[in-house]
Amino acid sequence: MSLTYLDHAASTPMRPEAIEAMMPFLATSYANPSGSHRFARQARKAIDESRDVVASVLGCRPNDVVFTGCGTESDNMAITGAIARSSGVAVCPADEHHAVLEVVEHHSGVVVGVDAVGRVDLDALATTLDDLAGRDVAVAIVSVMTVNNEVGSINDLAAVSRVVRRHAPGALVHTDAVQAPSWVDLREVTPHVDLLALSGHKFGGPKGVGVLVERGGPKIDPLIIGGGQERERRSGTHNVAGIVAMATALKSTDDERATEIPRLTSLRDGLVDGLVGGLDGVIETIPREDKVAGSAHVCISGIESESLLFLLDEADVCASAASACASGAMEPSHVLAAMGVDRSVAMGALRLSLGHASTDADVDRGIEAITAAVTRLRR
Ligand code: PLP
């Protein structure tokens, strides 16, 4: 039986054109782009062209684009680098990805609440920033994700930015946009932020390559120093093949977004309707209008996510739950906890996520396998 892949939020299959674009830089054009010979200049030219592509899709200047090793590194660099530059605190909402949340907590930052669908609570953010100002605590950076990786909710970065500029004018605004490129035209986000993070493997590019946009030039200290690559902003020999493939995948994602969103909305609706229609006790975690097209997060009563994922794995269906096993006890996801989802409901969480490779057959097979597995677990 072939694999039914319903886990695009975890990682996406590479796009064929991205694989094709990267091959020469693995096989023949392997020079170090920092070198001075012609062979090296070819590799450097490929990076420059990729930088232009990334900048045009993100709506920034090529010089604002810093290539990194992954989304986690970009987030770490933004937060740690901002704190190192200005010695203020970092602030983020409670449902950020661990790549942001743990960095903010590591630096003794401040975590603010979210609403019932997982968007930052703008009033709580304003109050927190006022409170910090009242105590003479400088804010180095406020980090709010563009799209949530578990439930798919979308933050309004223009509104976030207005709150930050008003209540903490010295702070930088960072967005983890790792889950966004398939669903959001980032040209409408970038102008509102100072820093923006991407990861190649979430939109058909390879793993191990990411972007940090530093809009308007360097505003933070570098995280990795040494060889001075990326105009001293991120040292380390460039992953030329990865950068070229990521730029190719980003361009395809941008070109196809307008046709992919309606296609995937219809597939996602079919998937959720099939589950809700075929099983009792399936709750849509947040309303469809509040989330991106590829996201189908549900909570299923009377089962535990881990057991369901085990049966789905046996049936060659890839999905995820985002609960973590801490000290031997299953802990529900921090995202659902932050949204106020009852623990007993959150224990039955199932994250199904569609993307560029999803088909009608995936949806049909997913409904069939999940329905059978839940029925078996409830027996
Ligand atoms: N931020 C979000 C929202 C993510 O979904 C992920 C990956 O799951 C990351 C950051 C980390 O990206 P990477 O896997 O490139 O380190």
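How each quantity is defined
- All chains use their own residue numbering, which begins from 1 and follows the written sequence.
- Where totals are concerned, whole chains, interfaces and linings use all residues; where local detail is concerned, this predicted model gives features only for residues with pLDDT of at least 70, and gives and counts side-chain atom pairs only at 80 or more.
- The side-chain quantities take in all heavy atoms of the structure and omit both hydrogens and water.
- What makes a nonpolar core is a set of buried Ala, Val, Leu, Ile, Met, Phe, Trp, Tyr and Cys residues whose side-chain atoms join them at distances within 4.5 Å.
- For every residue, the accessible area obtained with a 1.4 Å probe (protein chains only) is divided by the maximum for its type, and the residue is called buried under 20%, exposed over 50%, and partly exposed between those limits.
- Start and end positions for the domains come from either an automated domain assignment or a database one.
- Two residues form a contact once any of their heavy atoms are found within 4.5 Å.
- In this description, a line fitted to the C-alpha atoms serves as the axis of each element, helices being fitted only across the stretch in contact, and the angle between N-to-C directions of two axes falls anywhere from 0 to 180 degrees.
- Strands here mean DSSP runs of E at least two residues long; helices mean DSSP runs of H or I at least four residues long; both are numbered from the N terminus.
- Every angle not falling under 35 degrees, over 145, or within 65 to 115 is termed oblique; those three ranges are roughly parallel, roughly antiparallel and roughly perpendicular.
- Put simply, a crossing is left-handed when the front helix is turned counterclockwise from the back one by less than a right angle, and right-handed when it is turned clockwise.
- Under the scheme applied here, ten amino acids are nonpolar (Ala, Val, Leu, Ile, Met, Phe, Trp, Tyr, Cys and Pro), four are charged (Asp, Glu, Lys and Arg), and all others, including Gly, are polar.
- For salt bridges, the criterion is a side-chain nitrogen of Lys or Arg within 4 Å of an Asp or Glu carboxyl oxygen.
- Pairing between two strands requires that DSSP report at least two bridges joining them.

Caption draft 1: Main features of the nonpolar core. Counting residues in hydrophobic clusters, the biggest one holds 85 residues, and the most contacted among them are Leu312 and Leu350. Two domains share this core, each providing at least three of its residues, namely domain 1 (4-12 + 257-378) and domain 2 (16-252). Non-local contacts of leucine 312, meaning those with residues more than four positions away in its chain, are made with Val317, Ala319, Leu350, Ala369, Ile370 and Ala373.

Caption draft 2: Local environment of the packing of helix H3 (residues 71-86) against helix H4 (residues 98-106). Orientation of H3 relative to H4, taken along the N-to-C sense of each, is 30°, at an axis distance of 9 Å. Relative to H4, the element H3 is oriented roughly parallel. Crossing angle aside, the handedness with which H3 passes H4 is right-handed. Of the residues in H4, those in contact with Thr72, Asp75, Asn76, Ile79 and Thr80 of H3 are Ala99, Val100, Val103 and Val104. Looking at the contact of H3 with H4 residue by residue, the class counts come to five nonpolar, three polar and one charged.

Caption draft 3: Spatial organisation of the pattern of salt bridges. What the rule picks out here adds up to 25 salt bridges. Here aspartate 115 ties to arginine 119 by a salt bridge, and the two come within 3.0 Å at their closest N and O atoms. Since its relative accessible area comes to 24%, aspartate 115 is described here as partly exposed. Its relative accessible area of 29% is what places arginine 119 among the partly exposed residues. The closest approach of N and O atoms between arginine 288 and glutamate 284, which form a salt bridge, is 2.8 Å.

Caption draft 4: Looking closely at the pairing of strand E14 (residues 349-353). Most of E14 is tucked away, with five of its five residues classed as buried. Both faces of E14 are covered, namely the face carrying Ala349, Arg351 and Ser353 and the face carrying Leu350 and Leu352. Of the pairings in the sheet, the one linking strand E10 (residues 295-300) to E14 comprises five bridges and is antiparallel in character. Of the residues in E14, the one forming a bridge with alanine 296 is leucine 352.

Caption draft 5: The sheet that holds strand E8 (residues 210-214), seen in detail. Strand order in the open sheet formed by seven strands is E2-E8-E7-E6-E5-E3-E4, and the pairing between neighbours is mixed. Taken across any chain shown, the strands that pair with only one partner, and hence form the sheet edges, are strand E2 (65-68) and strand E4 (110-112). Across the sheet, the mean angle from the axis of one strand to that of its neighbour is 20°, orientation sign disregarded. In this sheet, E4 lies alongside strand E3 (residues 89-93) in parallel orientation, the contact comprising three bridges. Bridge pairing links valine 91 to valine 110 in E4. Its contacts with the sheet put helix H6 (residues 157-167) on strand E5 (139-143) and strand E6 (172-176), and the angle it makes with E6 is roughly 155°.

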